[in-house]
Every structure is written in structure tokens, then in C-alpha cells.
Amino acid sequence: MTTLTLLGSTGSIGTQALEVVSRGGYEVAALAAGGANLRLLAEQVVDHEVPLVAVSRGSAADVRDAVAAVAADRGVPAPPVEVLVGEGAAAELAGAGSDVVLNGVTGSVGLEPTLAALRAGSSLALANKESLVVGGALVRAARQRPDQIVPVDSEHSAMAQALRSGTHAEVARLVLTASGGPFRGKRREELTGVTAAEALAHPTWAMGPVVTVNSATLVNKGLELIEAHLLFDVAVEDITVVVHPQSVVHSMVEFVDGSTIAQASPPDMRLPIALALSWPARPQRAVAACRWDEATSWTFEPLDEDTFRGVRLARQAAAASATHPAVLNAANEECVAAFLDGRLSFLAITDILEQVLAEHEGVPAASLDLATVHAAEAWARHRARELAGTR
Ligand SMILES: NC(=O)C1=CN([C@@H]2O[C@H](COP(=O)(O)OP(=O)(O)OC[C@H]3O[C@@H](n4cnc5c(N)ncnc54)[C@H](OP(=O)(O)O)[C@@H]3O)[C@@H](O)[C@H]2O)C=CC1
Ligand SMILES: CC(=O)[C@@H](O)[C@H](O)COP(=O)(O)O
Ligand SMILES: [Mn+2]
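Note that the coordinates shown come from a computational prediction; the quantities given were computed from them, not determined experimentally.

### Re the coordination of the manganese ion (ligand 3)
Point 1. Protein coordination of the manganese ion (ligand 3) is provided by Asp-153 (OD), Glu-155 (OE) and Glu-224 (OE), with donor distances spanning 2.0 to 2.1 Å.
Point 2. One chain supplies every donor for the manganese ion (ligand 3), spaced along it as D-x1-E-x68-E. The burial state of Asp-153 is the same as that of Glu-155; both residues are buried.

As C-alpha cells, this is what we get:
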């Protein structure tokens, strides 16, 4: 039985991962969450008989009370559960050596768990793209084997599948697809008053709030550009972003012979999740395949980089220094939180990112360590809050 530690279990990725796990073949060794959804976490503990949980906030007593309440509602004895509490608790679980660690937390808070899982030799099913983007060379260096990180992110899962069609030397380009987000086709002047609710209305995916707002600004695609560069060792300039509104082709690889290999499936994260857990084997019937007995059209169009600047900013960050990606992400986390709270306009998000990146005095790759990453992030969070007027 494959042992699985699931980080971010109460979120969009986490709950879908538990749906996949319910089909059998996995023993859930531990769960980690933030603590904002204790009832759901307790249901997961009882339903999957999980012996160990971590919450970054709250108390062990609150978790145990929630588990006891769920057990009582289900008419079963309250299972014994060990509870770890604090910001370091998820990393402690991640470093315990389960066969697979699925990192499904949101934000660069996932960096230490990512490093802990890699150092423990676990296969890391990575949804938490921020940890890779922010940690960069530190994460790549922590790998014990080349294929230890298996992407959950749908585009990178698609690329990993397509890359099996040739050698690294035969890769000409990665083609990263983007839905274009809820505001695709609008001009900047039409976006001045957009609301959080409008930004959260993603046209093709149902996801957590941060990645959804990031999809609206295209910062998600910018992060994914850097993620692909780091995962597959392909130069940023050899990665092309193309808008594909249907979100059925999840990305493509162009090879030197002129072939482009694509991966297509209906937009359903249970496929990349299930594949990452079983990699390199393909799981049986993870999702329904595309229907070929119905008329459908797939369209591709260039990204409007003047209106949606997330990709351009990511290219600038990747080229600038080893800490600029961490600064981009940290400032973005602050701005997205302020936007979701109604304290910042949508357009101000990338305006502030542009200024924070321009002001940052980057650290060269040779000097990169956790301390310099955290220092860069702290500076970026503070500066972003100053510029957003939310200090
Ligand atoms: N959702 C999707 O379809 C996709 C998501 N991703 C990526 O996957 C990651 C997760 O996204 P998503 O599931 O949408 O996010 P959600 O916001 O839905 O879930 C985030 C999860 O992280 C938990 N969490 C928050 N802070 C901590 C912490 N300090 N320690 C441990 N757990 C914590 C939350 O717990 P709680 O809420 O209980 O506090 C929740 O379980 C992101 O990096 C995202 O970019 C990538 C591709 C697709
Ligand atoms: C499902 C997934 O992988 C998300 O990252 C998705 O790609 C976001 O959609 P966008 O293509 O709009 O960024
Ligand atoms: Mn994605």
C-alpha cells in the first residue's frame, strides 16, 4: 500500500486528492491544513482513518474536539489522532518519509514542506508551484533523484507526459497554454473597477481563490513559466505562452523535428492528481476522456501582454536575479490578499508588482540560501503593503 502525506487537504487540490485516494491503493499517513476548516479536516481524519494531522494555526484540543464531534455524528468511536500545531508542523509531516507527499498548500509557505519532502526521499507530487518558483535552485538541489518532483499543475503534468516523446536534446520549445482568465479580450480601461467576485469567476476551472485571481492577472501563468523552466530545465526564452480558452489542451512540447506533442483531456484536476500519485504508470479511468462523437472546436490565440502583464513580469523576474521570483510571488500574495479583502484594485496588483520588482536589489544564484529567500520575501511583502497603502 502506498503511504501518502497530503498537505493542504481541506483545499481544492486536497479534497480532490482525497477523492482520488478513495478509489483505493493508498494509506493516508498524515494530513496538513491551515486550521480554518476544522470540521472538514476532522471528517477527513475519520473517513480516511488518518493517525496524524498538522494545523498551522489553532490548537490540538480544537482539532481533537472536531474529530470527536464528527465521530459522534457518524456513530463511530473517536479514532486516536496525534496533532501537531504551528508554522513548522506541515514540514515536520512532509519530512517523515512517506512514499508520496502531495503538496497542495497555497503560497510560499509551502517551501519548507517541499524541501523536507525532497530531503526525506519521498516522491513529491507538487501542486504548490510557489515553493518551486520561490526556492528555485534550492529546490532543484534538494532533489535526491531527477524524477523526484512530479508535477500536479495541469500544464506541467501535460508537458511531463509530452516530454516522454523525445529526449531533452530533442526539445525545441515548451508551449504553455492559458485559459486567458475571466477578463480575456478586455482592454485595460475596462478593468478599472472589476470586483473580486468577477475575478473569481474563472471560465473553465474551479480552484482556490489565490490561484484563481492569479489566473485573472496572468500571474499564475507567469509563475507557471518559471515552474516549467525549473522542472524541465528549458530556457525561459524557449517557453511560449498561448491562450487556449477551452482549457482542454493542457500544454504542448515542440520537438526539433517540427512535431508538437499535446496532452488533452477535459479540465478536471483529478487526472493530473491521480497521474502524479501513480507516476510513471497511468491510473485507470481517472477522468472521462474527451468526447470525439460531438462537434467541438479548440482555439489558440496570442496573449495580450500589454493588458495582462503577469507573464512579462515573470520573464523579467527570471532574468533579473535568483531572488526576483521570490519577490514577485511574495508581493503578489500580499496584493491578492488586499484585492480579495476589497482594499486594492485589480489593476493595482500588477502595477505594484512591476514597481517592487524594479526596486529589488537581487541576490546572485551563488548566494542563494533560505535566509536570502526569506529576507527578499519579507522586504517584498513590506514594500507591497506600503505601495498598496495597507501597512
Ligand atoms: N485548485 C486547483 O485546481 C489548482 C491549484 N494549484 C496550486 O495548488 C496549490 C493549492 O491550491 P488550491 O487547492 O486551489 O488552494 P486552496 O486555497 O483551495 O487550499 C489551500 C490549502 O492549504 C491549506 N493551508 C493554508 N495555509 C497552510 C499552512 N500554513 N500549512 C498547511 N496548510 C495550509 C488550507 O487549509 P485551510 O483552508 O483549512 O486553512 C487549504 O487546505 C496552489 O499552489 C495552487 O496554485 C495548481 C493547479 C490547479
Ligand atoms: C488547473 C490549473 O492547472 C490552473 O493552474 C489553471 O491552469 C489556471 O488556469 P489559467 O490557464 O487561466 O491560468
Ligand atoms: Mn496550472
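### Observations concerning the packing of aromatic side chains
Point 1. On inspection of all chains with the given rule, the structure shows 3 aromatic pairs.
Point 2. Seen from their ring centres, Phe-183 and Phe-346 are 5.1 Å apart, and the 80° between their planes marks the pair as edge-to-face. Pair noted here: Phe-183 is in the loop between strand S8 (171-178) and helix H9 (196-199) and Phe-346 is in helix H15 (residues 346-359), with a separation of 163 residues, a long-range link. You'll find Phe-183 and Phe-346 in the same group, each marked buried.
Point 3. In this structure an aromatic cluster arises from ring pairing among Phe-183, Phe-339 and Phe-346.
Point 4. Over the ring of Trp-279 we find Arg-164, and its NZ or CZ is 4.4 Å from the ring centre.

### Quick word on the nonpolar core
Point 1. Counting residues in hydrophobic clusters, the biggest one holds 87 residues, and the most contacted among them are Leu-174, Phe-232 and Phe-346.
Point 2. Ranked by residue count, the leading element in this core is helix H14 (residues 324-340), at 9 residues.
Point 3. Beyond its immediate chain neighbours, meaning those up to four positions away, Leu-174 contacts Met-159, Leu-163, Ala-228, Phe-232, Val-234, Asp-238, Ile-239, Thr-240, Met-252 and Val-253.
Point 4. Residues Leu-18, Val-63, Ala-66 and Ala-127 belong to the second largest nonpolar core, which totals 39 residues.

### Remarks on the pattern of salt bridges
Point 1. Following the criterion strictly, the structure yields 28 salt bridges and no others.
Point 2. As a salt-bridge pair, Arg-187 and Glu-190 come within 3.4 Å of each other at their nearest N and O atoms.
Point 3. By relative accessible area, which is 48% here, Arg-187 ends up partly exposed.
Point 4. One salt bridge connects Asp-351 with Arg-309, and the closest N-O pair in it is separated by 2.4 Å. Of this pair, Asp-351 sits in helix H15 while Arg-309 is found in the loop between helix H12 (270-278) and helix H13 (310-320), placing the two residues 42 residues apart along the sequence.
Point 5. Asp-351 sits in the partly exposed class, given a relative accessible area of 31%.

### Section: the sheet that holds strand S1 (residues 2-7)
Point 1. The sheet built from 7 strands is open, its strands ordered S4-S3-S2-S1-S5-S6-S7 with parallel pairing. Edge positions in the open sheet fall to strand S4 (82-85) and strand S7 (149-151), since each of these has one partner strand only. Along the sheet, successive strands turn relative to each other by an average axial angle of 20°, direction set aside.
Point 2. Alignment of strand S2 (residues 26-33) against strand S3 (residues 52-55), held across 3 bridges, turns out to be parallel. Bridge assignment links Leu-31 to a residue of S3, and that residue is Val-53.
Point 3. Strands in contact with helix H2 (residues 38-47) are S2 and S3; relative to S2, the strand with the most contacts, it is inclined by about 165°.

### Concerning the site of ligand 1
Point 1. Around ligand 1, 28 residues are found, and the nearest of them are Thr-10, Ser-12, Ile-13, Glu-130 and Gly-208.
Point 2. Measuring from an oxygen atom of ligand 1, one finds a backbone N or O atom of Gly-35 at 3.5 Å.
Point 3. The side chain of Glu-130 places a nitrogen or oxygen atom 2.6 Å from an oxygen atom of ligand 1.
Point 4. Notes on ligand 1: free accessible area 900 Å², of which the protein chains cover 88%.
Point 5. Listing elements by their share of the shell around ligand 1, those giving two or more residues are helix H1 (12-21), helix H6 (129-135) and helix H10 (209-217).
Point 6. Its residues assigned to classes, the shell around ligand 1 shows 10 nonpolar, 13 polar and 5 charged.

### Here we look at the side chain of Thr-212
Point 1. Topologically, Thr-212 is positioned in helix H10.
Point 2. With relative accessibility at 3%, the residue Thr-212 sits in the buried group.
Point 3. Those residues in contact with Thr-212 that sit more than four places away from it in its chain are Ala-199, Leu-200, His-202 and Met-207.

### Description of the site of ligand 2
Point 1. By nearness alone, 14 residues border ligand 2, and Ser-154, Glu-155, Ser-179, His-202 and Glu-224 come closest of all.
Point 2. Between an oxygen atom of ligand 2 and a side-chain N or O atom of Lys-129, the distance comes to 3.4 Å.
Point 3. Taken by itself ligand 2 offers 350 Å² of open surface, and the protein chains cover 96% of this.
Point 4. Counting residues per element, the ones that place at least two in the shell around ligand 2 are helix H8 (154-162) and helix H11 (219-232).
Point 5. With 3 residues, the top contributor of residues to the shell around ligand 2 is H11.
Point 6. Across the shell around ligand 2, the residue classes tally to 4 nonpolar, 5 polar and 5 charged.

The rules behind each value
Residues numbered from 1 in each chain as written. Chains lettered and ligands numbered in written order. Predicted model: local features only at pLDDT ≥ 70, side-chain atom pairs only at ≥ 80, totals over all residues. Heavy atoms only, no water. Donors = N, O, S within 2.8 Å, 3.2 Å for Na, K, Ca; no water. Buried < 20%, exposed > 50% of the residue type's maximum accessible area, 1.4 Å probe, protein only. Phe/Tyr/Trp six-rings, centres within 6.5 Å; stacked < 30°, edge-to-face > 60°. Helix = DSSP H or I, 4+ residues; strand = E, 2+ residues; numbered from the N terminus. Lys NZ or Arg CZ within 6 Å of the ring centre and 35° of its normal. Core = buried A, V, L, I, M, F, W, Y, C linked by side-chain atoms within 4.5 Å. Contact = heavy atoms within 4.5 Å. Salt bridge = Lys/Arg side-chain N within 4 Å of Asp/Glu carboxyl O. Pairing = 2+ DSSP bridges. Axes fitted to C-alpha atoms, helices over the stretch in contact; angles between N-to-C directions. Near = heavy atom within 4 Å. Polar contact = N/O pair within 3.5 Å; in protein donor to acceptor, adjacent residues only side chain to side chain. Areas by Shrake-Rupley, 256 points an atom, 1.4 Å probe, with all protein chains shown as cover. Nonpolar A, V, L, I, M, F, W, Y, C, P; charged D, E, K, R; others polar.

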